[in-house]
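A look at the structure
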Amino acid sequence: PRKLLFVQVFIAAATVAFPNLAVTYLTQQLAVPNAQVALFAGASTLAGLPGALLFRAASRRLGLRATLLVGLVWWIGIISCFAIFLSSPAQQTAALVFSIPVGLGLGWIGPAITSFITALMPPGREAELWGFTTFAQVSLTWLAPIVFTVINEATENMRLALASLNMYFIIAIFGTLLVTEKSFLQPASDSSDMLSVSAAPAEPRRPKQGAAASGSVATSRQGSTTSA
């Protein structure tokens, strides 16, 4: 599933980088004390469990593709609100409140992309595709911090630098819209046909007619010799 792996590359690039960039934003832009930063990290981690449970309930009603799109839009909203409403040390208390939606988003987006890949994975190619999946999760994790630093140094606007993370989720949304289940079900059917053929029981070998005839002649000769 090349398109879906492409989507995962950009999702991982943003979601892996966001916790570290959020700490930088909180300490430098909002001057949040270290104790409150630790509280923010702990609250967002705990909120990840309800996020995973919400994803489970939503996926049963909306389907995996729609649920993934909801998670991507959720993340765009989180980052946009972070950059718009948290702009000065006066919003330190509000920053702690944002830890809840951040945790819900982290708990939602991870299972969403993993479940989508698992559901559309062709049988017999799990090991191969999971290797590509693991690579996709780490291939661009270095890009978001570099872009954040470049924008921050060039514009001296950390809010704009943080908002640049939305670019990855927007690309992931377009990539998800291009994913069609038919393109992945076709290889799966081919693989299943191959498995069914290989799993079919072999027909028993029949003795050749000549061998059977010679065997019967030998038996009749032995019988006549015995009677004589």
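Residues numbered from 1 in each chain as written. Predicted model: local features only at pLDDT ≥ 70, side-chain atom pairs only at ≥ 80, totals over all residues. Heavy atoms only, no water.

**Topic: the nonpolar core**
Of all hydrophobic cores here, the largest spans 54 residues; its most connected members are F18 and F82. When residues in this core are grouped by element, the largest group, 14 residues, is from helix α1 (residues 2-28). The contact partners of F82, leaving out residues within four places of it in the chain, are F18, Y25, L26, F40, F98, V102 and L162. (Core = buried A, V, L, I, M, F, W, Y, C linked by side-chain atoms within 4.5 Å. Buried < 20%, exposed > 50% of the residue type's maximum accessible area, 1.4 Å probe, protein only. Helix = DSSP H or I, 4+ residues; strand = E, 2+ residues; numbered from the N terminus. Contact = heavy atoms within 4.5 Å.)

**Points about helix α7 (residues 126-138)**
For α7, with 13 residues, the first-to-last C-alpha span of 19 Å sits near the 18 Å given by 1.5 Å per residue. Within α7 the residues assigned to the buried category are L129, T133 and A136. Buried residues along α7 cover an arc of 60 degrees about the axis, so they all sit on one side. Relative to its buried face, α7 has exposed residues pointing more than 90 degrees away, namely A127, F135 and V138. (Expected span 1.5 Å × (residues − 1). Arc of directions from axis to C-beta.)

**A look at the packing of aromatic side chains**
For the coordinates displayed, the defined rule picks out 8 aromatic pairs. Geometrically, the ring pair formed by F55 and W108 is edge-to-face, given 6.3 Å between the ring centres and 70 degrees between the ring planes. Here W108 lies in helix α6 (residues 99-119) and F55 lies in helix α3 (residues 48-62), a separation of 53 residues in the sequence. For the pair F55 and W108, a shared accessibility class is recorded, and that class is buried. Taken together, a centroid distance of 5.6 Å and an interplanar angle of 80 degrees make the contact between F82 and F98 edge-to-face. With F82 in helix α4 (residues 64-85) and F98 in the loop between α5 (92-97) and α6, this pair connects stretches of sequence that are 16 residues apart. An identical accessibility class is assigned to F82 and F98; each is buried. (Phe/Tyr/Trp six-rings, centres within 6.5 Å; stacked < 30°, edge-to-face > 60°.)

**Regarding the side chain of S139**
You can see S139 is positioned in the loop between α7 and α8 (143-155). The exposure class of S139 is buried, given its relative accessible area of 18%.

**A closer look at α3**
For an α-helix, the turn length of 3.6 residues means that residues three or four places apart are oriented alike. In this model, α3 (15 residues) spans 20 Å end to end at C-alpha, consistent with the 21 Å of a helix rising 1.5 Å per residue. Where α3 is buried, its residues touch α2 (34-46), α4 and α6. Among the residues trailing α3, G63 stands out with phi positive, at a value near 95 degrees.

**Some remarks on the confidence of the model for the protein chain**
For the protein chain, mean pLDDT is 80; residues scoring 70 or higher make up 79% of the total. Segment residues 182-205: pLDDT under 50, and 10 contacts once partners within four positions in sequence are set aside and those in other chains are kept. Counting interchain partners and residues more than four positions distant, the pLDDT-below-50 stretch residues 210-228 has 0 contacts. (pLDDT = per-residue confidence, 0-100.)

**Description of the layout of surface pockets**
Approximately 150 Å³ is the volume found for the largest pocket. Within the residue set of the lining of the largest pocket, elements represented by two or more residues are α1 and α6. A total of 5 residues in the lining of the largest pocket trace back to one element, the largest contributor, which is α6. In terms of residue class, the lining of the largest pocket is built from 5 nonpolar, 5 polar and no charged. (1 Å grid on protein atoms, 1.4 Å probe; cavity = no way out; pocket = protein on both sides within 12 Å on 5 of 7 lines; lining within 4 Å. Points joined across faces, edges and corners; volume = space filled by probe spheres on them. Nonpolar A, V, L, I, M, F, W, Y, C, P; charged D, E, K, R; others polar.)

**A closer look at the environment of A47**
Relative to the helices and strands, A47 is located in the loop between α2 and α3. You can call A47 buried: its relative accessible area is 7%. For the pair A47 and G103, spaced 56 residues apart in sequence, the C-alpha to C-alpha distance is 4.5 Å. Those residues in contact with A47 that sit more than four places away from it in its chain are S99, I100, G103 and L104.

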